[in-house]
Amino acid sequence: MFEKILELIEKYPRIIIHRHKNPDGDALGSQIGLKHMLRDTYPQKEIFVVGDMTPRYAFMVDEPMDEIPDEAYEGALAMVLDTSAKSLICDERYATATATARLDHHIFVEKICDEEVTDTSFESCCGLITALAIEGNLAVSPVAAKALYTGMITDSGRFRYDSTSSQTFRMAAFLMERKFETGDIYRNLYADELFFIQLRAKITLKIQTTPHRVAYVYNTADEVAEYGADTFTISRGMVNVMSEIRGIDTWVNFTETEGGVLCEIRSNKYNINPIAVKYGGGGHQKASGCTLKDQSEAMSLLADLNALAEVEAHE
């Protein structure tokens, strides 16, 4: 499956690894894991990682993201991970590289790179990178394995989401054979400061529902400033405060930012991805996101989710 990607990796002396903006555990895990795999397998190559950071997953980063000049892309391979659309890529300079390649597990939105492997059967991009390592016989150190395993945990919801499959556990078993400590992964991921527990409580008290039982939270710019947390934490980090409500099959978090309204959509039952794509986003069938212009557009998206719930309830 990865023949052409592996040929590009073999060919280029400099490889620059990208992923989506506002990285989650899977984006960082796949990027960091691939970095170490390539450095260990090809010590003569230059391997760089670029992009912004999210404080929530700072514990995963063993060294800062690289600051590289534009000239570094000349004669280089740029690899894009865990990203379904061009607008989501953390550094648009990827397009100036001599060659480009993408590895992704999201529903296909558009062609991004010269060579691409997009496989939605994987619960995470980290799982896909693990499969690349197995097929390409790439070196996987305990450090690389730990980063990849962490991404698998976050994107599978600790192996609870229905994207989890026998393939997931085969990849996880391969990684765990590298003998890394799993306990500190879970402590970093799920042990919260009192501040975040209190923030979760505040947002929980804001939950509303539509006539057809779509749960939602709308965080205004003033409220975001008052919370004192980064927008990633308020948006993606808090969307699942609505996930365990009995009778709720779809939920959405809206968060105002200077760049628009961040929208995180989740469902345990319906394919909400087409609605995210309609508004310029993407993702998975039951977990997608987009950025909206304003509150009015957010309410239009909410109305679409409500209409979907109404139709599905009568089928």
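Residues numbered from 1 in each chain as written. Predicted model: local features only at pLDDT ≥ 70, side-chain atom pairs only at ≥ 80, totals over all residues. Heavy atoms only, no water.

A. Structural detail: the environment of phenylalanine 48. Checked against the element boundaries, phenylalanine 48 lands in strand S2 (residues 46–49). C-alpha separation for the pair phenylalanine 48 and lysine 86, spaced 38 residues apart in sequence, amounts to 20 Å. Not counting the four nearest positions on each side in its chain, phenylalanine 48 is found in contact with Arg14, Ile15, Ile16, Ile17, Asp66 and Ile68. (Helix = DSSP H or I, 4+ residues; strand = E, 2+ residues; numbered from the N terminus. Contact = heavy atoms within 4.5 Å.)

B. Up close: helix H3 (residues 125–136). For H3, which comprises 12 residues, the first-to-last C-alpha distance of 16 Å matches the rise-based estimate of 16 Å (1.5 Å per residue) to within 8%. Of all the 12 residues making up H3, nine are buried; the element is thus mostly covered by neighbouring parts of the structure. Taken as a whole, H3 has its buried residues at Cys125, Cys126, Gly127, Leu128, Ile129, Thr130, Ala131, Leu132 and Ala133. After H3 finishes, the residue asparagine 137 shows a positive phi value of roughly 55°. (Expected span 1.5 Å × (residues − 1). Buried < 20%, exposed > 50% of the residue type's maximum accessible area, 1.4 Å probe, protein only.)

C. Molecular detail of the packing of aromatic side chains. Inspection of every chain in the model, using the stated rule, returns seven aromatic pairs. An angle of 80° between the planes, with centres 6.0 Å apart, marks the rings of tyrosine 57 and phenylalanine 232 as edge-to-face. Of this pair, tyrosine 57 sits in the loop between S2 and strand S3 (77–81) while phenylalanine 232 sits in helix H9 (residues 231–234); the two residues are 175 residues apart in sequence, bridging distant segments of the chain. Residue tyrosine 57 is classed as buried on the basis of its relative accessible area of 11%. For phenylalanine 232, a relative accessible area of 7% gives the class buried. Relative to phenylalanine 159, the ring of tyrosine 149 has its centre 6.0 Å away and its plane inclined at 55°; by these criteria the two rings are tilted. With a gap of 10 residues between them, tyrosine 149 in helix H4 (residues 142–156) and phenylalanine 159 in the loop between H4 and helix H5 (166–176) connect regions that are remote in the sequence. Of the residues examined, phenylalanine 159 reaches a relative accessible area of 19% and is grouped as buried. (Phe/Tyr/Trp six-rings, centres within 6.5 Å; stacked < 30°, edge-to-face > 60°.)

Nothing here speaks to function; it is all geometry.
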